[in-house]
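# Notes for the structure review
The residues making up each chain are set out below.
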Amino acid sequence: MNEREDLIFNINSQCGLTFPEFENTGSQNDIPEKFLRKSALEINNAGEFDVVRHFTRLSRQNHSVDVGFYPLGSCTMKYNPKINETICSMDEFTRVHPLLPASFTQGNLEIMWELGEALKDITGMDGVTLQPAAGAHGEFAGILMIRAYHIDRGDKRATILIPDSAHGTNPSSVAMCGYSVKEIKSTKDGTIDMDDLKEKLTTDVAGLMITNPNTLGLFETDILKIAEMVHSVGALLYNDGANLNAILGKCRPGDIGFDISHINLHKTFSTPHGGGGPGSGPLTVKKHLVEYLPLPIIEKDKEKYSMRWDKEPSIGKVSSFYGNFGVLVRALAYIKALGADGLKKVSETAVLNANYLKEHLKKYYKLAFDKTCMHEFVLSGFEKDSSVHTIDIAKRLLDYGYHAPTIYFPLIVKEAIMIEPTETESLKSMDEFIEIMIKIHEERKNNPELLHNAPCNTIVSRLDEVKAIKQPDVCWNK
Ligand SMILES: *Cc1c(COP(=O)(O)O)cnc(C)c1O
């Protein structure tokens, strides 16, 4: 038995009720002298009312999707139904210890199993893990699985291919798994350059990692051909599923030819996103990768759910316990509430909204790729002979009460402004956004100085963003 099984066995044999190894601990006398506090803790002496006002005031200084439009491309900042928060806060979910024996947690295991089945169905795959804690973590675990797959076949490959429009986490995850990254160029249409791919797709390539639709909001129309080419040299095709919100119920990565896909539950399936809260990046895989999925695997046998810890040749454990369970509950609640038709409508509306904004804004801002987009599109804030740049436009949006879109990404568009409205914005809120963007366009011509100094209406103006991370100033009572 390994250590974890040992522990579980221990808990099982104790009926999950006593933990003898923890008895007689925790009393102050057991804490070594050097760790004991020498003087009273300095706590600010404020009344409840003062504390409530302080935090309420701070919370009102934040922008959030509950306050206003949040068109952050690549991130899918959609509305999260509040009922999902209520559901995942229920005692049955929050007061359960993850090391309880399976006989105590059948309902929780059933939720995970059902979510896994739904994600397999949505992505057209054969196996699933819910453990990765974010998209980037899914990438890391997925590349480890690709590596295990090749090693098992005695196949030494050292390279992963990634298009130049990719999200920064893609090359980082790949490098962390010990592979070298080769970049594939995009054509002037914004999709993968097939000639460049052909040239770089050698037998040294372990896999190609792509985002479809890509970060320019464009569907890779050569994807079937790409899958065939990748497989013909024995490599695997990884789908960065961050943009799944654009294709739900329309096409499935598994049917297209992907071998593996991550899914950002906090983007596509309703989990509050941003602010560094917990996320979840499940992986779904085709048959030939199932045996490499991380442990434990949730299994169902005649209405009984259990966890398997002993499967070889799994890549092993990738996160504490079984992932971020609260996020999984929210995602299943969302999927069940919407159903297959509802999910399809999500994508149709997200794509319609993005094209609506694109068509209106392209009269005032340069559109990077003038064709039908998926769930997002990219403008360029660059204008020859203008002293105003993308950063100024983004900062001015804050003055008007909007969160800025994603800017300066993807890198292949000069001064990119990447806008994703999502399916949950009303026509009215999109029209108001268009109006403000036109206003900023006018200000650029008539009063560039104003834009250089923006934001003027916020509590702080331009911050040193790097310093803000390195030296956070969170002092009370400023
Ligand atoms: C968000 C995103 C990621 C990373 O996902 P996280 O959940 O933030 O770790 C990867 N690729 C793309 C295209 C993304 O938009």
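Refer to the structure printed above.
So, a few notes on the structure that sits alongside this text. For clarity, every value in this text was computed on a predicted model and none was experimentally measured. Think of each chain on its own: its residues are numbered from 1, step by step along the sequence as written. Whole-chain, interface and lining totals are the exception, using all residues; otherwise, since this is a predicted model, local features are given only for residues with pLDDT of at least 70 and side-chain atom pairs are given and counted only at 80 or more. Water and hydrogen atoms were dropped before computing side-chain values, which therefore reflect all heavy atoms in the structure.

## Considerations on the sheet that holds strand β6 (residues 260–262)
- When DSSP locates at least two bridges between a pair of strands, those strands are taken to pair. Secondary structure counts use DSSP, requiring at least four H or I residues in a row for a helix and at least two E residues in a row for a strand, with both numbered from the N terminus. Spatially, β1-β7-β6-β5-β4-β2-β3 is the arrangement adopted by the 7 strands of the open sheet, whose pairing is mixed. Pairing within the sheet leaves two strands with one partner each, and these edge strands are β1 (127–129) and β3 (180–184). The average angle at which neighbouring strand axes cross in this sheet is 20 degrees, direction not considered.
- Bridge count between β1 and strand β7 (residues 283–285): 3 bridges; the pairing is antiparallel. Note that in β7 the partner of G127 across the bridge is V285.
- Set on the sheet, helix α6 (residues 135–152) makes contact with β2 (159–163), β4 (205–211), β5 (236–240), β6 and β7; between it and β5 the angle comes to about 175 degrees. Angles here are taken between N-to-C directions and fall from 0 to 180 degrees, while the axes themselves are lines fitted to C-alpha atoms, restricted in helices to the stretch in contact. Contacts are residue-level and defined by heavy atoms, with any inter-residue pair within 4.5 Å sufficient.

## Examining the environment of P98
- On the secondary structure map, P98 appears in the loop between α4 (91–94) and α5 (106–123).
- Taking the C-alpha atoms as reference, P98 lies 30 Å from K78; in sequence the two are 20 residues apart.

## Quick word on the nonpolar core
- Within the largest apolar cluster, 34 residues are counted, with the highest numbers of intra-cluster contacts made by M112, L115, L119, L265, F269 and I335.
- Per-element tally for this core: the top contributor is helix α12 (residues 325–361), with 11 residues.
- When neighbours within four sequence positions are excluded, L115 is seen to be in contact with L130, L265, L328, A331, L332 and I335.
- Y149, A166, C177 and I260 belong to the second largest nonpolar core, which has 26 residues in total. The definition of a nonpolar core used throughout is a set of buried Ala, Val, Leu, Ile, Met, Phe, Trp, Tyr and Cys residues joined through side-chain atoms within 4.5 Å. A simple rule labels every residue: compare its accessible area, found with a 1.4 Å probe on the protein chains alone, to the largest value its type can have, and call it buried under 20%, exposed over 50%, or partly exposed in between.

## Focus on the pattern of salt bridges
- Put simply, a salt bridge is a Lys or Arg side-chain nitrogen that is within 4 Å of an Asp or Glu carboxyl oxygen. Under the criterion given, the structure shown has 26 salt bridges.
- For K300, the salt bridge identified is with E303, shortest N-O distance 3.8 Å.
- Look at K300 and you get partly exposed, because its relative accessible area is 35%.
- Connected via shared salt-bridge partners are E299, R308, D310 and K311.

## Looking at the site of the ligand
- We call a residue near a given molecule or strand whenever any one of its heavy atoms falls within 4 Å of it. In the neighbourhood of the ligand, 14 residues make up the surrounding shell, with S74, G135, D240, H266 and K267 lying closest.
- At 2.6 Å, a side-chain N or O of S74 approaches an oxygen atom of the ligand.
- Using a 1.4 Å probe, the Shrake-Rupley method yields the accessible areas, and only the shown protein chains count as cover for residues. Computed on the free molecule, the ligand has an accessible area of 380 Å², of which 89% lies beneath the protein chains in the complex.
- Contributions of two or more residues to the shell around the ligand are made by α6 and α11 (265–268).
- For the shell around the ligand, the per-class residue count stands at 3 nonpolar, 8 polar and 3 charged. Identification of polar contacts relies on pairs of N or O atoms within 3.5 Å, with a donor-acceptor requirement for protein atoms, meaning one able to donate a hydrogen and the other able to accept it, and with residues adjacent in sequence counted only if both atoms are side-chain atoms. Gly falls in the polar group here, along with every residue not listed as nonpolar (Ala, Val, Leu, Ile, Met, Phe, Trp, Tyr, Cys, Pro) or charged (Asp, Glu, Lys, Arg).

## Focus on helix α7 (residues 169–176)
- Among the residues of α7, N170, S173 and V174 are the ones counted as buried. Along α7, the residues classed as buried sweep out an arc of 100 degrees about the axis, all on the same side.
- Residues of α7 that are buried make contact with α6, β2, β3, β4 and β5.
- Within two residues after α7, G178 carries a phi angle of roughly 90 degrees, on the positive side. The arc under discussion is defined with respect to the helix axis, by the directions toward the C-beta atoms.

## Things to note about a nonpolar patch on the surface
- Only residues above 30% relative accessible area that lack a salt bridge enter a patch, with like-charged residues linked at up to 9 Å and the nonpolar side chains Val, Leu, Ile, Met, Phe, Trp and Tyr linked at up to 5 Å. Taken together, the side chains of I459, V460 and L463 define a hydrophobic patch exposed on the protein surface, amounting to about 310 Å² of accessible area.
- Take V460: it is sitting in the loop between α15 (448–453) and α16 (465–470).
- Taking the relative accessible area as the measure of exposure, V460 reaches 45% and is therefore partly exposed.

## Concerning the packing of α5 against α12
- For the pair α5 and α12, the least separation of the axes is 10 Å and the interaxial angle reads 45 degrees. If you check the angle between α5 and α12, you find them oblique. The hand of the α5/α12 crossing is left-handed. Here N108, I111, M112, E114, L115, A118, L119 and I122 of α5 lie close against α12, whose contacting residues are F325, L328, V329, A331, L332, I335, K336 and L343. Here the angle decides the label: under 35 degrees means roughly parallel, over 145 means roughly antiparallel, 65 to 115 means roughly perpendicular, and every other value means oblique. Should the near helix be turned anticlockwise from the far one by less than a right angle, the crossing is termed left-handed; should it be turned clockwise, right-handed.

## Let's talk about the packing of aromatic side chains
- Ring geometry is summarised as follows: Phe, Tyr and Trp rings, the Trp one being its six-membered ring, pair when their centres sit within 6.5 Å, and such pairs are stacked at plane angles under 30 degrees, edge-to-face over 60 and tilted between the two. Scanning the entire structure with this criterion turns up 9 aromatic pairs.
- Taken together, a centroid distance of 5.3 Å and an interplanar angle of 65 degrees make the contact between Y402 and F433 edge-to-face. Taken together, the positions of Y402 in the loop between α13 (390–399) and β12 (406–407) and F433 in helix α14 (residues 427–446) put the pair 31 residues apart, joining distant regions of the chain.
- Put simply, a charge is over a ring when the Lys NZ or the Arg CZ is close to the ring centre, within 6 Å, and near the line of the ring normal, within 35 degrees. Looking at R53, its charged tip hangs above the ring of F49, at a distance of 3.8 Å from the centre.
- Just above the ring of F382 sits the side chain of K414; from NZ or CZ to the centre is 4.0 Å.

## Regarding unusual backbone geometry
- In this chain, L295 is followed by P296 through a cis amide linkage whose omega measures -5 degrees.
- Looking at the secondary structure, you find P296 in the loop between β7 and β8 (297–301).
- Between E312 and the following residue, P313, the backbone shows a cis peptide bond with an omega angle of 0 degrees.
- Take P313: it is sitting in the loop between β9 (304–308) and α12.
- Phi angles above zero are rare outside glycine, and K302 is one such case at about 45 degrees.
- Looking at where K302 falls in the secondary structure, it is placed in the loop between β8 and β9.

Read these as geometric descriptors, not functional statements.
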